[in-house]
Amino acid sequence: MNNVISSAISKQKLGRGSVQKPRSGTLKSRSNMSVSMRDVDAAFQGAGQKTGLEIWRIENFKPVAIPTSSYGKFRSGDSYIILKTTALKSGVFHYDIHYWLGKDTSQDEAGTAAIKTVELDAALGGRAVQHRECQGRETDKFLSYFKPCIIPEEGGVVSGFKHVEEKAYTIRLFACNGKHVVRVREVPYSRSSLNHDDIFILDTKSKIFQFNGSNSSIQERAKALEVVQYIKDTFHEGKCEVAAIEDGKFVADPETGDFWSFFGGFAPLAKKSSNAIETQDEAVPAKLLCIQKGRAKPVDTQSLTRELLDTNKCYLVDSGVEIFVWMGRSTTLEERKSASSAAEELIASQGRSQKAHITRVVEGFETVMFKSNFDKWPQSTDTTVSEEGRGKVVAMLKRQGFNVKGLLKAAPVKEEHQPFIDCTGNLQVWRVNGNNKVPLPMSEQCKFYSGDCYIVQYTYPGEDKEEYLLCTWIGKQSIPEDRAMAQLLVSKMVESFKGQPVQAQIFEGKEPPQFFAILQSFIVYKGGLSSGYKARIMEKGIDDNTYKEDGLALFRVQGTGPDNMQAIQVEPVATSLNSSYCYILQVGMTVFTWLGSLSTTQDHELVERMLDLIKADVQSKPQKEGTESEAFWNALGGKKEYSSQKAVKETGKDPHLFGCSLSRGNLEVTEIFNFVQDDLMTEDMMILDCHSEIYVWVGQQVDSKSKQQALNIGQKYLEKDVLLEKLSSETPIFVIVEGSEPSFFTRFFTWDSSKSTMHGNSFQRKLSIIKTGISPIADKPKRRTPASYGGRMSMPDKTSQRSRSMSFSPDRVRVRGRSPAFNALASAFENPRNLSTPPPVVRKLYPKSVTPDSLSKTATPRSQAIAALTSKFEPFKERKLLSDFSEVSPETPPKKPETTPVSPIRPNSISMNGRTSSNSMSSRIEALTIKEDVKEDEPEDDEGLITFPYERLKISSPDPVSDIDVTKRETYLSSEEFREKFGMTKEAFYKMPKWKQNKQKIALNLF
């Protein structure tokens, strides 16, 4: 094959002549990789414009696109090129190009596939990761595109093999293996093919048998059932029987007897022959080879570091099990093709398997597996030049007539800061003190000390039961003894809940959105109150800097709104200030508020709210940056230089799922690509890495000893740094037990809650579904009152519940199921200091007639409430209340309203001077019911709704539509055009996780 590649490259050189400098039709960007129209096959025009798969088959040494209906259907006599386009949360398109070589493909076709892959990468801007895939040795990532499996058929195109003619249905025998992805290969239909180690599928005309070798695992058997379902649907139109045969089961069983009858009767199985066991390349210390004049020459070095790689050259990194081709940013297209040929030559010269994996990476876009071969690799690399080079490639192709729509960088996903947890629950907080935990009064539950550890228990309503979140909060200055005791106390609490709660370990400064959401207002003081902390500072002779109400203290105020605001005590010096924040300075009984020049009006509002918690009865002295008083600077020890740059949070990263196991203290992980809920098997423990937090998922069938190690596994994962992201050891860790998955975990999947409450192991569950189509669902657990800790009830009655609303804004009062109008009215007449629960975290939907801006700031809360309410009424005789609060375009013809009779509200029943009883008004509001017409993310029919063409809805449209919800542009597409652009119905689209929806919208320029 290497000769074929070299020959093909030579022919291309002779046809063009050597490239000396850029000419018309040739681009040489700052990346220095020459790209010419003659380097880009016409079949690749428009490639990589949208997320998903694109596949070409090599026919007569040319790539030919195949229809989507043929995706996943490969022939062993052919070669294919597969492009996988993914829109990352950062807005960057990520490309994986795989060239798949059938076992019977010709060397000419294989060589053509290798060369065309490099050309496709050039057309995409020279940033794709390229993978060599050989039939039977495909990578997990490649197989994940075609779940549950691929079953290549014999034959090929005219240039290779003739297609096999259709015959009568023949019996076939398949061998399956794989715990997370299934590798299926057809074996001779003979008893001698069977063994005790693998799983076999016997496909007959009327029945499909799955034979489970006695040495196979439960997970492998469950995965093989997915193949059975695939065969049943693909080759039997879903109409045939399925039987599971256990190795060693008596022939007297009818189904077992039927199975062995196809092999001439039962007979003992021989051990798996050595010929059937495919030899695998062994991992060896990575070796570095430099490509010079098309030859690979070893680089003499004791250790591999990033500095050894020259941007003007190509290199090979041989790790034994895989060969990487590294292509410098400044190398030419011909040099890159030559490097690929050198990798093939290296395999052939060493007599290694021709199925060895080869991965090609471009400088700046190296994979984690490539970097892991180096002793030292910088945390981040500069990809600006690559982005610029990609833009120039796009510009050149556009000038020469190519359709380059979608090739430029997409906009980053603008995800809202949502905690994805119901905020109407009940909260309890304890401070760890010695061997005990001390309950905090409700008025103090939002006030933590940096020298202490706390236990937070949050109870909130779930779908069918009460849900629990148990957190340990570890202060930066806390002592090791208190940290260990906090974990021990939480472990005991988890046991009393029978493993139902979600357990979280949270460190100061690394709090996740869920934590801030349930506390809403959060203050962190310096120092500590625990006896252990006091003893430690006394022992070391350290001054006690614990906050005092009459002392000197500086607080930095931060947050996103009334439901998420924090005040963090910092050193009371001028260098602690930052122009992007607001601060509260306490000097005895005097209080200053400092407003940074780069802070927003929302920041200013948060300062006033936090003052109510820190110094409620003291009038503050406002200080604007640049006009501070001398007394302010004197309190901080004098004026000094300070920063004006706000700490920017890292861009959200795409989640990664790993299967994990702990063996003799060593953590082993395997990444599961393109994961779905079915990849969470009840016998396994999984880690979902979301970068800002990680989740350890524990299946119900995991043994109790391993379950107790869940938090330890999470900590070891952070130490292992699997993705080479240098995650902090203080990254939040959530431990989640199957059947109690919270919404902030399930949002990463298309979730079916019934699957996590099924009986039996993973094999039994899937077998039941295949045979009967019915899921064996366990009894739904009933809600119960949680155990009481520290002499307090976890769910106090209404008279003793904590006042969860610490602010006086009408926006704070949101009751589940109410409309914005009623929320506004309720907030105006209810006493905000007596509210028992916070609002749920939901997006506020304001009809066009009642936007926040339309409500006059000078109007009283009660007049605003009445205006918001009356805007919802139609002037009709029967006094009926509209139930439609869906967001529609102003041009949309009004639907016929569904109405609900309500008691008439007389003008004199609402007193504008505030004398009307709030209790009577609250009861009147509760009597009014509003039916939400359209839920968020619920697909609607086109009938009665205004739709717009895609060209006007996209962000870059020259003729954009006005007066639409720009966050939901896709909803204005017609059903037909929606299916055309997204490749699915609106209903299917809105069943996807939110982050996947955003990816799709980014790719289509709708977000």
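1. Section: the side chain of asparagine 564
Along the chain, asparagine 564 turns up in strand β26 (residues 564-570). At 2.4 Å, the side chain of asparagine 564 and the side chain of glutamine 566 are in polar contact.

2. Looking at the sheet that holds strand β12 (residues 241-246)
With mixed pairing, the five strands of this open sheet are ordered in space as β9-β8-β10-β11-β12. Both outer strands of the open sheet, β9 (183-187) and β12, are each paired with one neighbouring strand and no more. Averaged over all pairs of adjacent strands, the angle between strand axes in this sheet comes to 25 degrees, irrespective of strand direction. Sitting on the sheet, helix α5 (residues 254-261) is in contact with β10 (199-203), β11 (207-212) and β12, with an inclination near 95 degrees to β11.

3. Focus on α5
Given 3.6 residues per helical turn, the α-helix brings residues three or four places apart onto the same face. Of the positions making up α5, those classed as buried are Thr256, Phe259 and Trp260. With its buried residues spanning 90 degrees around the axis, α5 presents them on a single face. Tucked inside the fold, the buried residues of α5 contact β10, β11 and β12.

4. Some remarks on helix α15 (residues 710-720)
For α15, the set of buried residues is Ala710, Leu711, Ile713, Gly714, Tyr717 and Leu718. The buried residues of α15 occupy an angular sector of 160 degrees when projected down its axis, which confines them to one face.

5. Concerning the sheet that holds strand β33 (residues 694-698)
The strands making up a sheet associate through backbone hydrogen bonding, with each pair oriented either parallel or antiparallel. Strand order in the open sheet made by the ten strands is β19-β18-β21-β22-β23-β34-β33-β32-β30-β31, with mixed pairing throughout. In the strand order of this sheet, the two ends are held by β19 (436-439) and β31 (666-672), each with one partner. Pairs of neighbouring strands in the sheet enclose a mean axial angle of 25 degrees, with direction left out of account. For strand β18 (residues 426-433) and β19, the ladder comprises four bridges, and the chain directions are antiparallel. The partner of asparagine 433 across the bridge, within β19, is asparagine 436.

6. A few points about the packing of helix α2 (residues 107-123) against helix α6 (residues 333-349)
In a packed pair of helices, the relevant descriptors are the angle between the two axes and the axis-to-axis distance. One way to put it is that α2 packs onto α6 with a least axis distance of 10 Å and a crossing angle of 145 degrees. Every pair of crossing elements has a handedness; the one defined by α2 and α6 is right-handed. Here Ile115, Val118, Glu119, Asp121 and Ala122 of α2 lie close against α6, whose contacting residues are Leu333, Arg336, Lys337 and Ser340. The residue makeup of the contact of α2 with α6, split by class, is four nonpolar, one polar and four charged.

Definitions and cut-offs
Residues numbered from 1 in each chain as written. Predicted model: local features only at pLDDT ≥ 70, side-chain atom pairs only at ≥ 80, totals over all residues. Heavy atoms only, no water. Helix = DSSP H or I, 4+ residues; strand = E, 2+ residues; numbered from the N terminus. Polar contact = N/O pair within 3.5 Å; in protein donor to acceptor, adjacent residues only side chain to side chain. Pairing = 2+ DSSP bridges. Axes fitted to C-alpha atoms, helices over the stretch in contact; angles between N-to-C directions. Contact = heavy atoms within 4.5 Å. Buried < 20%, exposed > 50% of the residue type's maximum accessible area, 1.4 Å probe, protein only. Arc of directions from axis to C-beta. Left-handed = near helix turned anticlockwise from the far one by under 90°. Nonpolar A, V, L, I, M, F, W, Y, C, P; charged D, E, K, R; others polar.

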